[in-house]
Amino acid sequence: MSSSRKWLVAQAVLAVVLLAAVGRHFWKLLDDHSLQALSFGDRGWYLLPAGFLYLAAHTIWGTYWWELLRYQGVRVSWFAAVRAYFVSQYGKYIPGKVWVILLRVWLLRHAPGANKRVIGLTGMYETLVNMAAGAILAAVLLPYTNIGGEYTRGRVPFLIAAAALPLGLFLLVRLTNRIARRRRGPDAQAVANTPLWLLLAGVLQTSVGWCLLAVSLRLTTTALWPAVPVDFSSDLVSVTASYVIGFVFFFLPGGLGAREGILQACFESRLAGVADNPAGAAVLIALLLRIVWTAFEVVIAGGLYLTSKLRRVSPADGRPRAFAQPEKS
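Caption draft 1: Expanded view of the pattern of salt bridges. In the structure shown here, the tally under the stated rule is 5 salt bridges. A salt bridge links Glu297 to Lys92; its shortest N-O distance comes to 3.0 Å. Linking Glu297 in helix 13 (residues 278–311) with Lys92 in the loop between helix 4 (78–88) and helix 5 (98–107), this pair joins segments that are 205 residues apart in sequence. The same class applies to Glu297 and to Lys92, which are both buried. Bridged by salt links that share partners, the residues Arg218, Asp235 and Arg270 form one connected network.

Caption draft 2: Fine view of the packing of aromatic side chains. Taken as a whole and assessed by the stated rule, the structure comprises 9 aromatic pairs. Here Trp61 and Trp210 contribute two aromatic rings whose centre-to-centre distance is 4.9 Å and whose plane-to-plane angle is 50 degrees, an arrangement assigned as tilted. Here the residue Trp61 occupies a position in helix 3 (residues 47–71), and Trp210 occupies one in helix 10 (residues 196–224), the gap between them amounting to 149 residues. Note on Trp61: relative accessible area 1%, which makes it buried. Accessibility expressed as a relative area gives 0% for Trp210, which makes it buried. Ring geometry for Tyr71 versus Trp197: centroids 6.1 Å apart, planes at 80 degrees, classification edge-to-face. On the criterion of sequence distance, the pair formed by Tyr71 in helix 3 and Trp197 in helix 10 is long-range, its members being 126 residues apart. The class of Tyr71 is partly exposed, set by a relative accessible area of 43%. Using a relative accessible area of 53% as the deciding quantity, one classes Trp197 as exposed. Aromatic rings pair up to connect Tyr54, Trp61, Trp210, Tyr243 and Trp293 into one cluster.

Caption draft 3: Representation of the packing of helix 6 (residues 116–145) against helix 10. Contact pair helix 6 / helix 10: the axes reach a minimum separation of 8 Å and the direction vectors enclose 65 degrees. Taken together, the axes of helix 6 and helix 10 are roughly perpendicular relative to one another. For the pair helix 6 and helix 10, the crossing hand works out as right-handed. Every residue of helix 10 that contacts helix 6 at Tyr125, Val129, Asn130, Met131, Ala133, Gly134, Ile136 and Leu137 is listed here: Leu199, Gly202, Val203, Thr206, Ser207 and Trp210.

Caption draft 4: Looking closely at the nonpolar core. Ranked by size, the top nonpolar core spans 77 residues in total, and within it Trp210 and Leu213 carry the most contacts. No other element matches helix 6, which puts 12 residues into this core. Filtering out sequence-adjacent residues up to four positions away, Trp210 remains in contact with Trp61, Asn130, Met131, Ala133, Gly134, Leu137, Leu236, Val239, Thr240, Tyr243 and Val244.

Caption draft 5: Just helix 6, in detail. When the terminal C-alpha atoms of helix 6 are compared, their 43 Å separation across 30 residues agrees well with the 44 Å that a helix rising 1.5 Å per residue should span. Of all the bends in helix 6, the largest measures some 25 degrees and sits at Ala139, one to four residues before the proline Pro143. The buried count for helix 6 comes to 21 of 30 residues, which makes it a mostly enclosed element. For helix 6, the capping residue at the N-terminal end is Asn115, with a side-chain oxygen 3.0 Å from the backbone nitrogen of Arg117. Positioned one or two residues after helix 6, Asn146 has a phi angle of 60 degrees, which is positive.

Caption draft 6: Structural view of the side chain of Thr240. Residue position: Thr240 is located in helix 11 (residues 232–248). A relative accessible area of 0% places Thr240 in the buried class. In this structure the side chain of Thr240 is engaged in a polar contact, spanning 3.2 Å, whose partner is the backbone oxygen of Val237. In this view, Thr240 contacts Gly134, Leu137, Ala138 and Trp210; residues no more than four positions away in its chain are not counted.

About the cut-offs
Residues numbered from 1 in each chain as written. Predicted model: local features only at pLDDT ≥ 70, side-chain atom pairs only at ≥ 80, totals over all residues. Heavy atoms only, no water. Salt bridge = Lys/Arg side-chain N within 4 Å of Asp/Glu carboxyl O. Helix = DSSP H or I, 4+ residues; strand = E, 2+ residues; numbered from the N terminus. Buried < 20%, exposed > 50% of the residue type's maximum accessible area, 1.4 Å probe, protein only. Phe/Tyr/Trp six-rings, centres within 6.5 Å; stacked < 30°, edge-to-face > 60°. Axes fitted to C-alpha atoms, helices over the stretch in contact; angles between N-to-C directions. Parallel < 35°, antiparallel > 145°, perpendicular 65-115°, else oblique. Left-handed = near helix turned anticlockwise from the far one by under 90°. Contact = heavy atoms within 4.5 Å. Core = buried A, V, L, I, M, F, W, Y, C linked by side-chain atoms within 4.5 Å. Expected span 1.5 Å × (residues − 1). Bend = angle between axes of the 7 residues up to and from the residue. Polar contact = N/O pair within 3.5 Å; in protein donor to acceptor, adjacent residues only side chain to side chain.

What follows is the structure, given as C-alpha coordinates:
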(Lines give C-alpha, C1' and ligand atoms only; values in the text may rest on other atoms or scores of the structure.)
Protein backbone atom coordinates (compact mmCIF):
# COMPACT_ATOMS: atom_id res chain seq x y z
CA MET A 1 0.00 0.00 0.00
CA SER A 2 1.38 3.41 -1.00
CA SER A 3 2.00 6.11 1.59
CA SER A 4 -0.76 8.33 0.15
CA ARG A 5 -3.26 5.50 0.40
CA LYS A 6 -2.18 4.76 3.97
CA TRP A 7 -2.67 8.42 4.85
CA LEU A 8 -6.16 8.37 3.33
CA VAL A 9 -7.06 5.23 5.27
CA ALA A 10 -5.71 6.75 8.50
CA GLN A 11 -7.85 9.86 7.97
CA ALA A 12 -10.92 7.72 7.30
CA VAL A 13 -10.37 5.61 10.44
CA LEU A 14 -9.81 8.70 12.59
CA ALA A 15 -12.95 10.29 11.16
CA VAL A 16 -15.04 7.19 11.88
CA VAL A 17 -13.78 6.97 15.47
CA LEU A 18 -14.44 10.63 16.17
CA LEU A 19 -17.86 10.58 14.52
CA ALA A 20 -18.83 7.51 16.53
CA ALA A 21 -17.85 9.25 19.76
CA VAL A 22 -19.72 12.44 18.86
CA GLY A 23 -22.74 10.47 17.68
CA ARG A 24 -22.89 8.54 20.94
CA HIS A 25 -22.69 11.79 22.90
CA PHE A 26 -25.46 13.38 20.82
CA TRP A 27 -27.66 10.29 21.12
CA LYS A 28 -27.58 10.52 24.89
CA LEU A 29 -28.53 14.19 24.81
CA LEU A 30 -31.39 13.61 22.37
CA ASP A 31 -32.87 10.71 24.37
CA ASP A 32 -35.34 13.02 26.04
CA HIS A 33 -39.16 12.96 25.92
CA SER A 34 -39.40 16.76 25.76
CA LEU A 35 -37.37 16.76 22.55
CA GLN A 36 -39.14 13.79 21.00
CA ALA A 37 -42.47 15.58 21.33
CA LEU A 38 -41.14 18.73 19.65
CA SER A 39 -42.85 19.92 16.46
CA PHE A 40 -42.47 22.86 14.09
CA GLY A 41 -46.12 23.83 14.27
CA ASP A 42 -46.66 26.52 11.61
CA ARG A 43 -42.97 27.51 11.59
CA GLY A 44 -41.62 24.83 9.25
CA TRP A 45 -41.60 27.27 6.34
CA TYR A 46 -38.71 29.14 8.03
CA LEU A 47 -36.44 26.37 6.78
CA LEU A 48 -36.97 27.36 3.13
CA PRO A 49 -35.44 30.86 3.36
CA ALA A 50 -32.78 29.38 5.64
CA GLY A 51 -31.75 27.04 2.84
CA PHE A 52 -31.86 29.72 0.16
CA LEU A 53 -29.70 32.02 2.28
CA TYR A 54 -27.16 29.22 2.52
CA LEU A 55 -27.09 29.00 -1.27
CA ALA A 56 -26.81 32.79 -1.54
CA ALA A 57 -23.79 32.78 0.79
CA HIS A 58 -22.04 30.14 -1.28
CA THR A 59 -22.90 32.01 -4.46
CA ILE A 60 -21.03 35.03 -3.06
CA TRP A 61 -18.06 32.80 -2.24
CA GLY A 62 -18.17 31.17 -5.67
CA THR A 63 -18.27 34.63 -7.25
CA TYR A 64 -15.09 35.55 -5.43
CA TRP A 65 -13.39 32.47 -6.87
CA TRP A 66 -14.56 33.55 -10.34
CA GLU A 67 -12.96 36.95 -9.74
CA LEU A 68 -9.68 35.24 -8.79
CA LEU A 69 -9.83 33.14 -11.96
CA ARG A 70 -10.49 36.15 -14.17
CA TYR A 71 -7.58 38.04 -12.62
CA GLN A 72 -5.30 35.13 -13.56
CA GLY A 73 -6.52 35.19 -17.16
CA VAL A 74 -8.95 32.25 -17.04
CA ARG A 75 -11.79 33.29 -19.36
CA VAL A 76 -14.67 31.45 -17.80
CA SER A 77 -18.23 32.73 -17.46
CA TRP A 78 -19.65 33.55 -14.06
CA PHE A 79 -22.23 30.79 -14.36
CA ALA A 80 -19.65 28.16 -15.30
CA ALA A 81 -17.41 29.14 -12.37
CA VAL A 82 -20.23 29.17 -9.83
CA ARG A 83 -21.51 25.86 -11.19
CA ALA A 84 -18.06 24.30 -10.78
CA TYR A 85 -17.88 25.78 -7.29
CA PHE A 86 -21.15 24.19 -6.17
CA VAL A 87 -20.44 20.82 -7.78
CA SER A 88 -17.00 20.75 -6.14
CA GLN A 89 -18.67 20.94 -2.72
CA TYR A 90 -19.34 17.21 -3.04
CA GLY A 91 -15.60 16.76 -2.52
CA LYS A 92 -15.68 18.09 1.04
CA TYR A 93 -17.49 14.95 2.14
CA ILE A 94 -14.36 12.93 1.40
CA PRO A 95 -11.74 13.04 4.21
CA GLY A 96 -8.91 15.46 3.50
CA LYS A 97 -10.98 18.06 1.58
CA VAL A 98 -8.46 17.98 -1.27
CA TRP A 99 -11.17 16.61 -3.55
CA VAL A 100 -12.85 20.02 -3.58
CA ILE A 101 -9.84 21.45 -5.42
CA LEU A 102 -9.44 18.40 -7.65
CA LEU A 103 -13.07 18.60 -8.76
CA ARG A 104 -12.68 22.28 -9.64
CA VAL A 105 -9.60 21.50 -11.71
CA TRP A 106 -11.44 18.73 -13.53
CA LEU A 107 -14.60 20.76 -14.15
CA LEU A 108 -12.75 23.79 -15.59
CA ARG A 109 -9.96 21.93 -17.37
CA HIS A 110 -11.23 23.08 -20.81
CA ALA A 111 -11.77 26.74 -19.91
CA PRO A 112 -9.81 29.17 -22.14
CA GLY A 113 -6.58 30.25 -20.45
CA ALA A 114 -6.88 27.65 -17.71
CA ASN A 115 -4.27 25.29 -16.38
CA LYS A 116 -4.32 22.96 -13.43
CA ARG A 117 -1.96 25.05 -11.34
CA VAL A 118 -3.95 28.28 -11.71
CA ILE A 119 -7.32 26.62 -11.00
CA GLY A 120 -5.92 24.77 -7.99
CA LEU A 121 -4.14 27.80 -6.54
CA THR A 122 -7.14 30.12 -6.92
CA GLY A 123 -9.34 27.45 -5.38
CA MET A 124 -7.03 27.26 -2.38
CA TYR A 125 -6.97 31.04 -2.04
CA GLU A 126 -10.78 31.27 -2.18
CA THR A 127 -11.17 28.61 0.50
CA LEU A 128 -8.53 30.05 2.83
CA VAL A 129 -9.69 33.66 2.43
CA ASN A 130 -13.24 32.55 3.14
CA MET A 131 -12.19 30.70 6.28
CA ALA A 132 -10.00 33.64 7.31
CA ALA A 133 -12.95 36.03 7.08
CA GLY A 134 -15.05 33.73 9.26
CA ALA A 135 -12.22 33.29 11.75
CA ILE A 136 -11.68 37.05 12.03
CA LEU A 137 -15.38 37.69 12.63
CA ALA A 138 -15.51 34.96 15.28
CA ALA A 139 -12.34 36.05 17.07
CA VAL A 140 -13.35 39.74 17.12
CA LEU A 141 -16.94 39.23 18.26
CA LEU A 142 -16.47 36.28 20.64
CA PRO A 143 -15.38 38.36 23.68
CA TYR A 144 -18.54 40.49 23.35
CA THR A 145 -21.06 37.66 23.07
CA ASN A 146 -20.18 35.54 26.11
CA ILE A 147 -21.45 32.37 24.45
CA GLY A 148 -19.99 28.93 24.84
CA GLY A 149 -17.95 29.85 27.93
CA GLU A 150 -14.45 28.46 28.25
CA TYR A 151 -15.14 25.81 25.60
CA THR A 152 -15.38 28.28 22.71
CA ARG A 153 -12.77 30.67 24.11
CA GLY A 154 -10.33 27.77 24.19
CA ARG A 155 -10.77 27.46 20.41
CA VAL A 156 -9.53 31.00 19.71
CA PRO A 157 -6.03 29.70 18.74
CA PHE A 158 -7.69 27.61 16.00
CA LEU A 159 -9.45 30.75 14.74
CA ILE A 160 -6.25 32.80 14.73
CA ALA A 161 -4.44 30.04 12.85
CA ALA A 162 -7.22 29.88 10.24
CA ALA A 163 -7.16 33.67 9.83
CA ALA A 164 -3.44 33.55 9.02
CA LEU A 165 -3.69 30.82 6.37
CA PRO A 166 -4.17 33.05 3.26
CA LEU A 167 -1.22 35.22 4.22
CA GLY A 168 0.85 32.07 4.77
CA LEU A 169 -0.03 30.79 1.29
CA PHE A 170 0.72 34.21 -0.23
CA LEU A 171 4.19 34.26 1.37
CA LEU A 172 4.82 30.64 0.42
CA VAL A 173 4.11 31.32 -3.26
CA ARG A 174 6.39 34.37 -3.20
CA LEU A 175 9.14 32.33 -1.58
CA THR A 176 8.70 29.56 -4.15
CA ASN A 177 9.03 32.04 -7.02
CA ARG A 178 12.13 33.62 -5.48
CA ILE A 179 13.83 30.23 -5.04
CA ALA A 180 12.94 29.29 -8.63
CA ARG A 181 14.50 32.50 -9.96
CA ARG A 182 17.68 31.90 -7.99
CA ARG A 183 18.03 28.32 -9.19
CA ARG A 184 16.87 28.70 -12.80
CA GLY A 185 17.55 32.35 -13.51
CA PRO A 186 15.20 35.27 -14.25
CA ASP A 187 13.45 33.31 -17.02
CA ALA A 188 12.12 30.69 -14.60
CA GLN A 189 8.38 30.17 -14.87
CA ALA A 190 6.73 31.79 -11.85
CA VAL A 191 3.66 30.55 -10.02
CA ALA A 192 0.87 33.06 -10.64
CA ASN A 193 0.28 34.66 -7.27
CA THR A 194 -2.75 36.66 -6.13
CA PRO A 195 -2.07 40.26 -5.06
CA LEU A 196 -2.55 41.15 -1.44
CA TRP A 197 -5.22 43.75 -2.19
CA LEU A 198 -7.40 41.10 -3.85
CA LEU A 199 -7.08 38.87 -0.79
CA LEU A 200 -8.13 41.73 1.51
CA ALA A 201 -11.04 42.56 -0.77
CA GLY A 202 -12.01 38.90 -0.60
CA VAL A 203 -12.15 39.01 3.20
CA LEU A 204 -14.73 41.81 2.97
CA GLN A 205 -16.70 40.12 0.21
CA THR A 206 -16.87 36.70 1.83
CA SER A 207 -17.86 38.30 5.15
CA VAL A 208 -21.19 39.15 3.52
CA GLY A 209 -21.74 35.44 2.98
CA TRP A 210 -21.04 34.73 6.64
CA CYS A 211 -23.68 37.30 7.62
CA LEU A 212 -26.21 35.51 5.42
CA LEU A 213 -25.37 32.22 7.13
CA ALA A 214 -25.97 33.85 10.50
CA VAL A 215 -29.47 34.85 9.36
CA SER A 216 -29.98 31.29 8.08
CA LEU A 217 -29.05 29.97 11.52
CA ARG A 218 -31.50 32.40 13.14
CA LEU A 219 -34.34 31.20 10.91
CA THR A 220 -33.55 27.56 11.66
CA THR A 221 -33.47 28.31 15.39
CA THR A 222 -36.80 30.13 15.17
CA ALA A 223 -38.36 27.13 13.46
CA LEU A 224 -37.65 25.06 16.58
CA TRP A 225 -37.34 27.54 19.46
CA PRO A 226 -38.92 30.93 18.66
CA ALA A 227 -38.40 32.03 22.28
CA VAL A 228 -34.60 32.21 21.86
CA PRO A 229 -33.69 35.93 22.04
CA VAL A 230 -32.58 37.48 18.76
CA ASP A 231 -28.86 38.27 18.89
CA PHE A 232 -27.19 38.65 15.51
CA SER A 233 -23.67 38.86 16.96
CA SER A 234 -24.12 35.57 18.79
CA ASP A 235 -25.57 33.91 15.69
CA LEU A 236 -22.65 35.19 13.61
CA VAL A 237 -20.07 33.92 16.11
CA SER A 238 -21.84 30.57 16.36
CA VAL A 239 -21.91 29.97 12.62
CA THR A 240 -18.40 31.25 11.88
CA ALA A 241 -16.66 29.52 14.80
CA SER A 242 -18.38 26.19 14.15
CA TYR A 243 -17.77 26.29 10.39
CA VAL A 244 -14.11 27.35 10.63
CA ILE A 245 -13.21 24.89 13.38
CA GLY A 246 -14.97 22.16 11.42
CA PHE A 247 -12.73 23.09 8.48
CA VAL A 248 -9.60 22.86 10.66
CA PHE A 249 -10.52 19.23 11.39
CA PHE A 250 -9.75 18.44 7.74
CA PHE A 251 -10.09 14.67 8.15
CA LEU A 252 -13.79 14.99 9.03
CA PRO A 253 -16.09 14.91 5.98
CA GLY A 254 -17.69 18.34 5.80
CA GLY A 255 -16.56 19.06 9.37
CA LEU A 256 -19.29 16.67 10.51
CA GLY A 257 -19.33 16.33 14.28
CA ALA A 258 -16.89 19.13 15.04
CA ARG A 259 -19.20 21.80 13.61
CA GLU A 260 -22.19 20.45 15.51
CA GLY A 261 -20.17 20.20 18.73
CA ILE A 262 -19.20 23.89 18.55
CA LEU A 263 -22.78 24.89 17.75
CA GLN A 264 -24.00 22.94 20.75
CA ALA A 265 -21.53 24.75 23.01
CA CYS A 266 -22.58 28.13 21.59
CA PHE A 267 -26.31 27.53 21.95
CA GLU A 268 -26.52 25.63 25.21
CA SER A 269 -26.26 28.75 27.39
CA ARG A 270 -28.65 30.68 25.14
CA LEU A 271 -31.29 27.96 25.51
CA ALA A 272 -31.16 27.96 29.32
CA GLY A 273 -34.62 28.89 30.56
CA VAL A 274 -36.09 28.35 27.08
CA ALA A 275 -35.78 24.56 26.77
CA ASP A 276 -36.06 21.89 29.46
CA ASN A 277 -32.97 20.19 28.04
CA PRO A 278 -30.70 23.00 26.74
CA ALA A 279 -27.89 20.67 25.64
CA GLY A 280 -30.23 18.38 23.71
CA ALA A 281 -32.08 21.32 22.18
CA ALA A 282 -28.77 22.82 21.03
CA VAL A 283 -27.82 19.52 19.37
CA LEU A 284 -31.20 19.42 17.66
CA ILE A 285 -30.65 22.90 16.19
CA ALA A 286 -27.17 21.93 14.99
CA LEU A 287 -28.42 18.74 13.33
CA LEU A 288 -31.40 20.46 11.71
CA LEU A 289 -29.12 23.16 10.33
CA ARG A 290 -26.84 20.47 8.89
CA ILE A 291 -29.80 18.70 7.26
CA VAL A 292 -31.23 21.89 5.72
CA TRP A 293 -27.90 23.12 4.38
CA THR A 294 -26.86 19.72 3.03
CA ALA A 295 -30.23 19.11 1.35
CA PHE A 296 -30.17 22.44 -0.47
CA GLU A 297 -26.52 22.02 -1.40
CA VAL A 298 -26.96 18.51 -2.80
CA VAL A 299 -30.01 19.52 -4.85
CA ILE A 300 -28.45 22.66 -6.37
CA ALA A 301 -25.08 20.99 -7.03
CA GLY A 302 -26.74 18.01 -8.67
CA GLY A 303 -28.97 20.24 -10.77
CA LEU A 304 -26.06 22.40 -11.90
CA TYR A 305 -24.01 19.35 -12.80
CA LEU A 306 -26.85 18.06 -14.96
CA THR A 307 -27.05 21.42 -16.74
CA SER A 308 -23.34 21.15 -17.52
CA LYS A 309 -23.96 17.78 -19.16
CA LEU A 310 -26.90 19.13 -21.17
CA ARG A 311 -25.18 22.38 -22.21
CA ARG A 312 -21.82 20.84 -23.11
CA VAL A 313 -22.89 20.39 -26.75
CA SER A 314 -25.40 22.68 -28.41
CA PRO A 315 -27.96 20.74 -30.45
CA ALA A 316 -28.03 23.53 -33.04
CA ASP A 317 -24.43 23.56 -34.22
CA GLY A 318 -22.64 20.95 -32.09
CA ARG A 319 -20.17 23.46 -30.63
CA PRO A 320 -19.23 23.48 -26.92
CA ARG A 321 -21.21 25.97 -24.82
CA ALA A 322 -19.77 25.32 -21.38
CA PHE A 323 -17.53 28.39 -21.19
CA ALA A 324 -17.76 31.98 -22.28
CA GLN A 325 -15.31 33.11 -24.92
CA PRO A 326 -13.05 36.16 -24.30
CA GLU A 327 -14.75 39.44 -25.04
CA LYS A 328 -13.60 41.22 -28.19
CA SER A 329 -12.38 44.77 -27.74
